[in-house]
Amino acid sequence: MSSALLEVEGLTAGYGAAPVLHDVNLTVQPGEIVAVLGANGAGKTTLLRTLSGLVRSTGGKVVFDGVDLRGTRVEQMVRRGIGHVPEGRGVVTELTVDENLRLGGLWRKDRAEAKKALDEVYELFPPLAQRRTFAGHQLSGGERQMLALGRALVGRPRLLLLDEPSLGLAPKVTGQIMALLRDLRERTGLAVLLVEQNVRSALSIADEGVVLALGRVVVRNKAATLRDDADLRHAYLGF
Amino acid sequence: MNEFIYLTFDGLSRGAVYAAFALALVLIWRAARIVNFAQGAMAVAAVYVAYSVTNATGSYWLGFVAAIVTGLVLGVTVERVVMRFVDHSSPLNGVVVALGLVLVIQGVLGIFYGNEFLPVAAPFSRDAFELGGVAVLSRYDLFVFVAVGAVVAALTLLFTRTPVGLRMRAAAFAPDVSRLLGVSVGGMLTLGWALAAAVGSLAGMLVVPTELGLHPTAMDVVFISAFTAAVVGGLDSPIGAVVGGLIVGLLLSYVSGYVEPTVAPMAVLLLLVVVLLGKPGGLFSSSKARVA
Amino acid sequence: MTDIKQKQKSGAPVPDLAAPVSARRRRIPAILVIVAGAALVLALTYMLPPFRNYQLATVGAYLCVTAGLTVLTGLNGQLSLGHGALMATGAYTLALAQNKWLNLPFSFLLAIVVTTAVGAVIGLAAARLRGPYLAGLTLAVAIVVPSVTSTFDETFNSDQGLSVVLDPPPGTIPMERWQAWLCWAGALVTVLALVLLVRGRFGRDMRAVRDDETAAKLAGINVARTQVLAFVVSAACAGLAGALFAFLAQSVSPGAFPLTLSLFLVMAIVIGGLGSLFGALWGALLLVILPTLSQSLAEEAGSHRLEGNLALVVFGVVLVVVMLAAPGGLASIRFTRLFRRNR
Ligand SMILES: Nc1ncnc2c1ncn2[C@@H]1O[C@H](COP(=O)(O)OP(=O)(O)OP(=O)(O)O)[C@@H](O)[C@H]1O
Ligand SMILES: [Mg+2]
């Protein structure tokens, strides 16, 4: 119970009067990759935005590392150890690659530490190192994804909220990103809550899968089970 | 020819002030997507405070510092107390609220100081040096150039070289993403208003001694010139604001010198119309326009 | 697409006038309201002392311009800070025409025509501008145009301005009553014309443009023409108002049309409730009552600095508070139920 990194209980949230998320429950253990799947409009993005505080929850509980996150401001999340790569990546197109990445570590008081994290990310993504002075709008889609992911990693999060990293990317690049996530998990114990449309590649690296439909969790199971159970796949994942 | 040289330097000196004032408008526009129509009134308020401080202490420089501090305080107050709560669904709302502030500030100033023009002395001589028989620049003009140059340099350094500047730019371009990365977007907004109002106060301090004197409406025409400068520069670009300020200053100076001083405001209006209709993105609008 | 539209509709501050039933139900009262208004004003002019009649006349003159501005800003979404300058145009035209030909009806007509022409020029530029750009341009007009009087001082006599020659009122009618009659005749005709205009196709087009320009364009509405027309109509109203002010004061000077006048007008329509012609009446009333109140307050306090300035502060504070509390203006909170259909 207390060993879970993230525990979501009965979470309800929405934008106006009608809630989008109803009574959502899920847990993420340290070093675990949990895939969140579901049709367009199921509420996946809303779930991530609620977890990081961009959308206000109307009920339920979110506990991260033993601390109730209710009332925590969005700006504090990164200090708690939660990194969020939003849908559409959120690269600040007016800033350069280097500025975008530095932005990810600005919250740190320890400048040397921030610099170290920055260098590590450049090592992890050599294409970014070659394009330090490029403006965000000069990057390709894949490079932007690297930049967004790299920027979150500069903050050295313990939990990464990733919203559709594969969007608009070639299958090969998607594969590389999935491999990278698995690798990071192995090396650093990073936990990931991964929202994906690309069900196959998400399930290929995830430990656990959660299927959202109309804002409710309809399936929670081992990723391997979801991969192998043809009925479940047909019913909820459409393949 | 001599007159041309004189008018050119005069225009650049005026232009420097408009540049600073336009810069203040651009700072807030970039941070909050609001054209601060109260900028002129806020600057006048700061100059009145300087007037009182200088009268009480006999020191221009204490007054000068007081004006800048008043600018900072006014900027923070206006953002925190008023602008933060404006409904931004229509861009008109911010404009109307700023106009309300203009009325309040001008009324309060009138109550405390009266509606007569108060004489304000320049800290340096306004008599132009002669260079080879041509009147060129006064000490005061030099002071203006140095002051505005220092502000432009300081702002450039702040925005391009410091973490705070990076935060401010990020917060303006992508507020949600910036918050996710731990940037206090509200704080950056307040800081932007404070800086802008301080720069506006500086411009007010520089311009008032060259005009009729201090009056609650003293900055009205200056505001129009600065707004034109900012629009010429594209409203989004600090460099554009500086260049736009110089262009407007030169225009005013040439028209005053060669045609008639009373026609000068019309010339500015004409420039504004031409730019708005011909090149609404500003003369320097580049392809690197805002994507997000 | 449908999704977006629905959101916008529910978020729009002013309800659609398309509802045919309510529109028809109100169609007859429009004239009735005007006639009742005329009767009320007529009765008032016999009951009120001269000074109050003068104030009543001022309300009427203000109503002309606030009603026009309401149509421009509330129904068409364009904010003009330059209507003080347009009033000045009307006022100076009336003064010059009166002093030359001494034919009041003709002078009024000329004032409206000239201001309409000026408004058309500004409107042509304005139609291509949005939000702060439009506000800035019209603000520049408001600040710069009065300086024309010094440039051509032989015609306009600089800061001193011109006095207006008037024939005495017909018969034995006291001057103030005559003024109130004329101002309110102008105001009621203006309001009636605007109501008819707003309820017709033009009004529908304007609201469509305000709510969603792209959609309006797709529906075949000529957006630019609608906006220019809205500006021209409101300019004509401002010209009439300016001419009435010149007629009331029997003089014109640039000092009578400062920037604050333009700002007061904006305040009046915002507080009156953007888009409601009844709001324009509240606004016009406020424009006369608030300064009078603060004037007497100032006199009581014995401070001549309070005079005029107190009104500025009160106006400003009210404007800011109303904008923060209810961007739709006071009418949107208090008078909505009663008068919404008049929009
Ligand atoms: N800003 C918003 N305001 C109002 N409703 C919204 C907003 N954003 C999303 N919604 C609604 O919330 C529901 C869930 O949206 P959400 O973006 O969470 O879906 P999603 O699962 O991420 O879909 P996709 O796979 O298409 O990204 C949708 O019905 C959507 O219309
Ligand atoms: Mg989504």
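Residues numbered from 1 in each chain as written. Chains lettered and ligands numbered in written order. Predicted model: local features only at pLDDT ≥ 70, side-chain atom pairs only at ≥ 80, totals over all residues. Heavy atoms only, no water.

Examining the site of ligand 1
Residues and elements named next belong to chain A.
Item 1. Close to ligand 1 lie 13 residues; Lys-44, Thr-45, Thr-46, Glu-87 and Gln-197 are nearest.
Item 2. Lys-44 places a side-chain nitrogen or oxygen 2.7 Å from an oxygen atom of ligand 1.
Item 3. Take Gln-197: an N or O atom from its side chain is 2.7 Å from an oxygen atom of ligand 1.
Item 4. In isolation ligand 1 exposes 630 Å². Once the protein is present, 61% of that is buried.
Item 5. The element best represented in the shell around ligand 1 is helix α1 (residues 44-51), accounting for 3 residues. (Near = heavy atom within 4 Å. Polar contact = N/O pair within 3.5 Å; in protein donor to acceptor, adjacent residues only side chain to side chain. Areas by Shrake-Rupley, 256 points an atom, 1.4 Å probe, with all protein chains shown as cover. Helix = DSSP H or I, 4+ residues; strand = E, 2+ residues; numbered from the N terminus.)

Here we look at the sheet that holds strand β2 (residues 19-28) of chain A
All names here are of chain A.
Item 1. Ordered in space as β2-β1-β4-β5, the 4 strands form an open sheet in which the pairing is antiparallel. One side of each edge strand has no neighbouring strand; the edge strands of this open sheet are β2 and β5 (67-68).
Item 2. When strand β1 (residues 6-14) meets strand β4 (residues 57-64), the two strands line up antiparallel, connected through 6 bridges. Each bridged residue has a counterpart across the sheet, and for Glu-9 the counterpart in β4 is Lys-61. (Pairing = 2+ DSSP bridges.)

What to know about the nonpolar core
Note that soluble globular proteins tend to have their nonpolar side chains buried in a common cluster.
Item 1. Ranked by internal contacts, the top residues of the largest apolar core, which has 202 residues, are Leu-103 of chain A, Phe-37, Met-83 and Leu-206 of chain B together with Tyr-62, Met-87 and Leu-94 of chain C.
Item 2. Excluding residues within four positions of it along the chain, Met-87 of chain C makes contact with Val-65, Ala-238, Ala-241, Gly-242, Phe-245, Phe-257, Leu-261 and Leu-265 of chain C. (Core = buried A, V, L, I, M, F, W, Y, C linked by side-chain atoms within 4.5 Å. Buried < 20%, exposed > 50% of the residue type's maximum accessible area, 1.4 Å probe, protein only. Contact = heavy atoms within 4.5 Å.)

So, the pairing of strand β1 (residues 128-131) of chain B
Residue and element names in this part refer to chain B.
Item 1. Where β1 meets strand β2 (residues 134-138), 3 bridges bridge the pair, whose relative direction is antiparallel. Considered in β2, the bridge of Leu-131 is made with Val-134.
Item 2. Counted along the chain from β1 to the antiparallel partner β2, the turn is 2 residues long, and its residue Gly-132 has a positive phi close to 60°.

Overview of the interface of chain A and chain B
Item 1. Counting residues at the interface gives 23 residues for chain A, matched by 19 residues for chain B.
Item 2. Here chain A packs against chain B, burying approximately 2,100 Å² in sum over the two surfaces, 67% of which is carbon and sulfur.
Item 3. Looking at the side of chain A facing chain B, the largest losses of area belong to Glu-75, Glu-94 and Leu-106 of chain A, adding up to 29% of the total buried there.
Item 4. Here chain A and chain B share 3 salt bridges between them.
Item 5. Between Glu-99 of chain A and Arg-169 of chain B there is a salt bridge; the shortest N-O distance is 2.7 Å. (Buried area = accessible area lost by both parts, 1.4 Å probe. Salt bridge = Lys/Arg side-chain N within 4 Å of Asp/Glu carboxyl O.)

A short note on the coordination of the magnesium ion (ligand 2)
Residues and elements named next belong to chain A.
Item 1. The magnesium ion (ligand 2) binds to the protein through Thr-45 (OG1) and Glu-87 (OE), with metal-donor distances spanning 1.9 to 2.4 Å. You can see Thr-45 sitting in helix α1 and its partner Glu-87 sitting in the loop between β6 (82-85) and α3 (97-103), a full 42 residues away along the chain.
Item 2. By relative accessible area, Glu-87 is classed as partly exposed at 40%. (Donors = N, O, S within 2.8 Å, 3.2 Å for Na, K, Ca; no water.)

Things to note about the interface of chain C and chain B
By a frequent convention, interface size equals the accessible area lost on bringing the separate parts together.
Item 1. Contacts between the two partners involve 42 residues from chain C and, on the opposite side, 46 residues from chain B.
Item 2. With both sides pooled, the region where chain C packs onto chain B buries about 3,600 Å², and carbon together with sulfur makes up 82% of that total.
Item 3. When the buried area of chain C at its contact with chain B is split by residue, Pro-132, Tyr-133 and Arg-305 of chain C rank highest and sum to 16% of it.
Item 4. The interface formed by chain C and chain B holds 0 salt bridges in total.

Observations concerning a nonpolar patch on the surface
All names here are of chain B.
Item 1. A cluster of nonpolar residues, Ile-239, Val-243, Ile-247, Leu-283 and Phe-284, forms a patch on the protein surface that exposes about 420 Å² of accessible area.
Item 2. Residue placement: Ile-247 occurs in helix α10 (residues 238-259).
Item 3. Ile-247 sits in the partly exposed class, given a relative accessible area of 30%. (Patch = residues over 30% accessible without salt bridge, like charges linked within 9 Å, V, L, I, M, F, W, Y side chains within 5 Å.)

Observations concerning the arrangement of the chains
Item 1. For the 2 pairs of chains in contact, the maximum contact count is reached by chains B and C.
Item 2. Between chain A and chain C there is no contact, and the shortest C-alpha to C-alpha separation is 11 Å.

Regarding the packing of aromatic side chains
Any two aromatic rings considered together are summarised by their centre-to-centre distance and by the angle between their planes.
Item 1. Considering all chains together, one arrives at 21 aromatic pairs over all chains under this definition.
Item 2. On the basis of an interplanar angle of 5° and a centroid distance of 5.4 Å, the ring pair of Phe-4 of chain B and Tyr-254 of chain B is categorised as stacked. Of this pair, Phe-4 of chain B sits in helix α1 (residues 2-32) while Tyr-254 of chain B sits in helix α10; the two residues are 250 residues apart in sequence, bridging distant segments of the chain.
Item 3. According to the relative accessible area criterion, Tyr-254 of chain B is partly exposed, its value standing at 22%.
Item 4. Look at Phe-21 of chain B and Phe-223 of chain B: their rings are 6.4 Å apart centre to centre, the planes differ by 90°, and that puts the pair in the edge-to-face class. Here Phe-21 of chain B is found in helix α1, whereas its partner Phe-223 of chain B is found in helix α9 (residues 220-232), with 202 residues between them in sequence. Phe-223 of chain B carries the same exposure label as Phe-21 of chain B, and that label is buried.
Item 5. Put simply, the rings of Tyr-60, Trp-61, Phe-64, Phe-124, Tyr-140 and Phe-143 of chain B touch in pairs and so form one group of aromatic residues.
Item 6. In this structure, Arg-132 of chain A is placed above the aromatic ring of Tyr-122 of chain A, and the distance from its NZ or CZ to the ring centre is 3.8 Å. (Phe/Tyr/Trp six-rings, centres within 6.5 Å; stacked < 30°, edge-to-face > 60°. Lys NZ or Arg CZ within 6 Å of the ring centre and 35° of its normal.)

Considering the pattern of salt bridges
Item 1. Under the defined criterion, the tally for this structure stands at 22 salt bridges over all chains.
Item 2. For the salt bridge of Arg-70 of chain A with Asp-68 of chain A, the shortest nitrogen-to-oxygen distance reads 2.8 Å.
Item 3. Since its relative accessible area comes to 51%, Arg-70 of chain A is described here as exposed.
Item 4. For Asp-205 of chain C, the salt bridge is made with Arg-201 of chain C, and the minimal N-O distance between the two is 3.6 Å. You can see Asp-205 of chain C and its partner Arg-201 of chain C sitting in helix α10 (residues 201-211), 4 residues apart, about one turn around the helix.

Looking at the pairing of strand β3 (residues 33-38) of chain A
Along a regular strand, successive side chains alternate from one face of the sheet to the other.
Residue and element names in this part refer to chain A.
Item 1. β3 sits mainly inside the fold: 6 of its 6 residues count as buried.
Item 2. Burial of the side chains of β3 extends over both faces: Ile-33, Ala-35 and Leu-37 are buried on one face and Val-34, Val-36 and Gly-38 on the other.
Item 3. Two strands pair when backbone bridges link them, and β3 and strand β9 (residues 208-213) are joined in this way by 5 bridges, in the parallel orientation. Residue Leu-37 lies in a different strand from β9, and its bridge partner there is Val-211.

Details of helix α4 (residues 83-101) of chain C
Residues and elements named next belong to chain C.
Item 1. Between its first and last C-alpha atoms α4 spans 27 Å; for 19 residues at 1.5 Å apiece the expected length is 27 Å, and the two agree.
Item 2. In terms of burial, α4 is a largely internal element, 15 of the 19 residues being buried.
Item 3. With its phi angle positive at about 50°, Leu-102 sits one or two positions after the end of α4. (Expected span 1.5 Å × (residues − 1).)

Quick notes on unusual backbone geometry
Item 1. Residue Asp-23 of chain A is not a glycine yet carries a positive backbone phi of 50°.
Item 2. Relative to the assigned elements, Asp-23 of chain A resides in strand β2.
Item 3. Non-glycine residue Leu-235 of chain B carries a positive phi angle of around 65°.
Item 4. For Leu-235 of chain B, a relative accessible area of 1% puts it in the buried group.

Some thoughts on the side chain of Thr-66 of chain C
All names here are of chain C.
Item 1. By the secondary structure assignment, Thr-66 is in helix α3 (residues 50-75).
Item 2. For Thr-66, a relative accessible area of 0% corresponds to the buried category.
Item 3. A distance of 3.1 Å separates a polar atom in the side chain of Thr-66 from the backbone oxygen of Ala-280.
Item 4. Contacts of Thr-66, omitting those with residues within four sequence positions, involve Leu-265, Ala-268, Ile-269, Ala-280, Ala-284 and Leu-287.

Things to note about the sheet that holds strand β8 (residues 191-195) of chain A
Residues and elements named next belong to chain A.
Item 1. Read across the sheet, 6 strands follow the order β6-β7-β8-β3-β9-β10 without closing on themselves; strand pairing throughout is mixed. The open sheet has two free edges, formed respectively by β6 and β10 (216-222), since each of these has just one partner strand. On average, adjacent strands in this sheet sit at an angle of 15° to one another, irrespective of strand direction.
Item 2. As defined by bridge partners, β6 adjoins strand β7 (residues 159-163) across 4 bridges and the pair is classed as parallel. Bridging across to β7, Gly-83 finds its partner in Leu-160. (Axes fitted to C-alpha atoms, helices over the stretch in contact; angles between N-to-C directions.)

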